[in-house]
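# Per-entry structural report
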Amino acid sequence: SFVGNLSLFGIFLVYVKRISNYNSNYFVFFPIALLLFNLTFYENVTFSMAALSNFTVVLFSLLSLNFLATKELTVKRFILAIVFCLFAVYTQGGGIFVVPVSLLILFLRKDYKRLGYYAVVGALIYSLYFIGYEQPVGSPSVLAAILDFKVRSFLYSLAFLGSSFSFSFYHTVNFAEDDSFHKIVND
């Protein structure tokens, strides 16, 4: 548990380093520390396997994206971004989402040469990750599961935003005039 929880400290240091480049006010770090070092996710903190996988994949993912999103992307930083992406993927399966985010970063930077290199490395990482993968009985294919997860996440985001908007409308609409809107909000 201790080794896994050290990743929380590493995550904090990544944020401190990134923010200190833009802001010298150290009070900005207090909310980050408060969100990272609390006991609301005590299951991850106290369960060794969860701490080692969940916190470490976040640390490696942040390090990869941090090296990739620097102002000046040198060859050394690019290689470190790939190495930490590899660590994130092989720490936990959720690390595979670092590759598309990294490709998007490189595309937005208009760094097409490195985008091509990263795409090849990403395809290699994906293919090596899924070698010997045995699909559990009754579960969908990997691609179907990822697409379903993304669609459900997108729909959840819309529902979450919609519920906050409906709450604000709930207190601004005169329900004596419009009972149908009241029914829609409650549904």
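Residues numbered from 1 in each chain as written. Predicted model: local features only at pLDDT ≥ 70, side-chain atom pairs only at ≥ 80, totals over all residues. Heavy atoms only, no water.

This part covers the pattern of salt bridges. Under the definition given, this model contains one salt bridge. Across the pair Asp 111 and Arg 114 runs a salt bridge, and its minimum N-O distance is 3.1 Å. The residues Asp 111 and Arg 114 share a single accessibility class, namely buried. (Salt bridge = Lys/Arg side-chain N within 4 Å of Asp/Glu carboxyl O. Buried < 20%, exposed > 50% of the residue type's maximum accessible area, 1.4 Å probe, protein only.)

To continue, consider the packing of aromatic side chains. All chains considered together, the criterion is met by eight aromatic pairs. In this structure an aromatic cluster arises from ring pairing among Phe 60, Phe 67, Phe 84 and Phe 87. When the ring centre of Phe 78 is taken as origin, the NZ or CZ atom of Arg 114, which lies over that ring, is 5.6 Å away. (Phe/Tyr/Trp six-rings, centres within 6.5 Å; stacked < 30°, edge-to-face > 60°. Lys NZ or Arg CZ within 6 Å of the ring centre and 35° of its normal.)

Below, the discussion takes up the side chain of Ser 61. Relative to the elements of secondary structure, Ser 61 occurs in helix α4 (residues 48–68). A polar contact is formed between the side chain of Ser 61 and the backbone oxygen of Val 57, at a distance of 2.7 Å. Among residues more than four places away in sequence, those in contact with Ser 61 are Ala 88 and Val 98. (Helix = DSSP H or I, 4+ residues; strand = E, 2+ residues; numbered from the N terminus. Polar contact = N/O pair within 3.5 Å; in protein donor to acceptor, adjacent residues only side chain to side chain. Contact = heavy atoms within 4.5 Å.)

This part is about the nonpolar core. Judged by nonpolar contacts, the single largest core of 32 residues is most densely connected at Leu 68, Phe 78, Cys 85, Leu 106 and Tyr 118. Among the secondary structure elements, those contributing two or more residues to this core are α1 (2–20), α2 (29–36), α4, α5 (75–91), α6 (98–108) and α7 (112–129). Excluding anything up to four places from it in sequence, Leu 106 contacts Leu 68, Leu 73, Phe 78, Asp 111, Arg 114, Leu 115 and Tyr 118. (Core = buried A, V, L, I, M, F, W, Y, C linked by side-chain atoms within 4.5 Å.)

So, on to the layout of surface pockets. In this structure, the largest pocket spans a volume of roughly 250 Å³. In this structure, the largest pocket is lined by 13 residues; those nearest its centre are Lys 17, Arg 18, Asn 21, Asn 66 and Thr 70. Elements supplying a minimum of two residues to the lining of the largest pocket: α1 and α4. Tallying contributions element by element places α1 first for the lining of the largest pocket, with four residues. (1 Å grid on protein atoms, 1.4 Å probe; cavity = no way out; pocket = protein on both sides within 12 Å on 5 of 7 lines; lining within 4 Å. Points joined across faces, edges and corners; volume = space filled by probe spheres on them.)

What follows concerns the packing of α5 against α7. At a minimum axis separation of 11 Å, α5 and α7 run at an interaxial angle of 20 degrees. As far as their axial angle goes, α7 and α5 are roughly parallel. Of the two elements, α5 crosses α7, and the hand of that crossing is right-handed. Here α5 contributes Val 75, Phe 78, Ala 81, Ile 82, Cys 85, Leu 86, Val 89 and Tyr 90 to the contact with α7, which in turn contributes Arg 114, Tyr 117, Tyr 118, Val 121, Ile 125, Leu 128 and Tyr 129. Here the contact of α5 with α7 is composed, by residue class, of 14 nonpolar, no polar and one charged. (Axes fitted to C-alpha atoms, helices over the stretch in contact; angles between N-to-C directions. Parallel < 35°, antiparallel > 145°, perpendicular 65-115°, else oblique. Left-handed = near helix turned anticlockwise from the far one by under 90°. Nonpolar A, V, L, I, M, F, W, Y, C, P; charged D, E, K, R; others polar.)

In this section: the confidence of the model for the protein chain. Looking at the protein chain as a whole, its pLDDT mean stands at 79, while 84% of the residues score no less than 70. Across residues 167–173, confidence stays below pLDDT 50; counting only partners more than four residues off in sequence or on other chains, it has six contacts. (pLDDT = per-residue confidence, 0-100.)

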